[in-house]
Amino acid sequence: MKFSYMALAAPLLAATIVSPARAANVQIVAENPVIELSVSEQVRSTPDKASFSTGVQTKALTATQALRDNSRKAKNLIDKLKSLGIAEKDIQTTGINLNADYRYDRPSQENRFVGYQVSNQVQATVRDISKLGMILDAMVSGGGATNLNGPHFSIDDDSEVKKLARKRALANAKSQAMSYARAEGYSGVRVLSISEGLRNVSQGLMPMARAMVASESSDVPIAPGQVGTTISLNITYEMTR
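Residues numbered from 1 in each chain as written. Predicted model: local features only at pLDDT ≥ 70, side-chain atom pairs only at ≥ 80, totals over all residues. Heavy atoms only, no water.

Undergrad: I would appreciate a short explanation of the overall build of the protein in the present structure.
TA: Along its length, the protein carries four helices and nine strands. Along the protein, helices and strands appear, N-terminal first, in the series β-β-β-α-β-β-α-β-α-β-β-α-β. Within the protein, the fraction of its 241 residues that count as buried is 36%. Looking at the protein alone, contacts between residues at least 24 apart form 83% of all its contacts between residues at least 6 apart. Accessible area for the protein stands at about 14900 Å²; split by element, carbon and sulfur atoms hold 50% of it. (Helix = DSSP H or I, 4+ residues; strand = E, 2+ residues; numbered from the N terminus. Buried < 20%, exposed > 50% of the residue type's maximum accessible area, 1.4 Å probe, protein only. Contact = heavy atoms within 4.5 Å. Areas by Shrake-Rupley, 256 points an atom, 1.4 Å probe, with all protein chains shown as cover.)

Undergrad: Explain helix 1 (residues 63-83) to me, please; I cannot follow it from the model alone.
TA: For the α-helix, the turn length of 3.6 residues means that residues three or four positions removed from each other point alike. Spanning 21 residues, helix 1 covers 30 Å between terminal C-alpha atoms, matching the ideal 30 Å at 1.5 Å per step. For helix 1, every residue scored as buried is listed here: Ala66, Asp69, Asn70, Ala74, Leu77 and Leu81. Down the axis of helix 1, the sector holding all buried residues measures 135°, keeping them to one side. Summarising the geometry of helix 1, the exposed residues directed more than 90 degrees from the buried face are Arg68, Lys75 and Ser83. (Expected span 1.5 Å × (residues − 1). Arc of directions from axis to C-beta.)

Undergrad: So what exactly am I meant to see when it comes to the environment of Gln92 here?
TA: For Gln92, the position within the fold is in strand 4 (residues 91-105). Along the chain, Gln92 and Ile78 lie 14 residues apart, while their C-alpha atoms are 9.3 Å from each other. Not counting the four nearest positions on each side in its chain, Gln92 is found in contact with Gln121, Val122 and Gln123.

Undergrad: Whenever I open this one, the pairing of strand 9 (residues 227-240) confuses me. Can you help?
TA: Consecutive side chains of a regular strand alternate in pointing toward one face of the sheet and then the other. Of all 14 residues in strand 9, 11 are buried, a share of seventy percent or more. As judged from the 12 bridges shared by strand 2 (residues 34-45) and strand 9, these two strands associate in the antiparallel manner. Paired with Gln42 across the two strands is Thr230, which belongs to strand 9. (Pairing = 2+ DSSP bridges.)

Undergrad: In this structure, what is going on with the packing of aromatic side chains? I would like to understand it.
TA: Two aromatic rings, taken as a pair, are described by how far apart their centres are and by the angle between their planes. According to the stated counting rule, one finds two aromatic pairs in the structure shown. Ring plane angle 70° and centroid distance 5.9 Å describe the contact between Tyr102 and Phe113, whose orientation is recorded as edge-to-face. Here Phe113 lies in strand 5 (residues 110-126) and Tyr102 lies in strand 4, a separation of 11 residues in the sequence. Residue Phe113 is classed as partly exposed on the basis of its relative accessible area of 43%. On the numbers, 5.2 Å between centres and 75° between planes, the contact of Phe113 with Tyr116 is edge-to-face. Through a chain of ring-to-ring contacts, the aromatic side chains of Tyr102, Phe113 and Tyr116 assemble into a single cluster. Here the basic side chain of Arg241 rests over the ring of Tyr186, its NZ or CZ set 4.0 Å away from the ring centre. (Phe/Tyr/Trp six-rings, centres within 6.5 Å; stacked < 30°, edge-to-face > 60°. Lys NZ or Arg CZ within 6 Å of the ring centre and 35° of its normal.)

Undergrad: Whenever I open this one, the nonpolar core confuses me. Can you help?
TA: In summary, soluble globular proteins display a tendency toward joint burial of nonpolar side chains. By size, the foremost hydrophobic cluster in this structure holds 43 residues, and its most contacted members are Phe52, Leu81, Met139 and Tyr237. Taken together, the elements giving at least two residues each to this core come down to strand 2, strand 3 (49-60), helix 1, strand 5, helix 2 (132-141), strand 6 (147-154), helix 3 (159-183) and strand 9. It is helix 3 that provides the largest number of residues to this core, a total of seven residues. Not counting chain neighbours up to four residues away, the residues in contact with Met139 comprise Phe52, Thr54, Leu77, Lys80, Leu81, Leu84, Gly144, Ala145 and Leu148. (Core = buried A, V, L, I, M, F, W, Y, C linked by side-chain atoms within 4.5 Å.)

Written out as structure tokens, the structure reads:
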């Protein structure tokens, strides 16, 4: 938090004629001390969508065969996601990697080339969180997924949550500014400038082992909890009489 004073002379107003080729340079000038504040407010709410990452990995002696095998399994994976009710617009390929595969040989103490491995990662968004556990289980038990990462919970439309966080941040900032103003013998404040930052806080994409989601074909237990939406404001006030 920064508290600063600025002693500036009052601007002299005059009527002038401005030619079309020259624009007027308008600048807000403070006549009294100013207060610079940084405030943040977070509003927590129940998420209504979740995203997770999944994929398949294949190995073969040649790069061509490894890629072909992987492409077939990746198509089956995507088809499975669609069959589970996930819209095509909510399915996105996030990475395809082809790498040489080496195996460490203890007798020779060398890494020996054994072929190629290909991985294909897909991110999916689930808009009915009540089905998330079933979908995760189905991706491993029937979709052929070799890895899962997530979930990441969020809010589809957070405009109202941001409004509430912004309202609270403004009220908090003004309260602090008034406290400083009164302490210095002033009766009020006026805003000179505002800048805003936004941050969403939720669970990140965490790896989940295959064994966790393939037990007895049961749905994976999911606890969405709440996600936080934070508004950060930098506000400059002028003290007023």
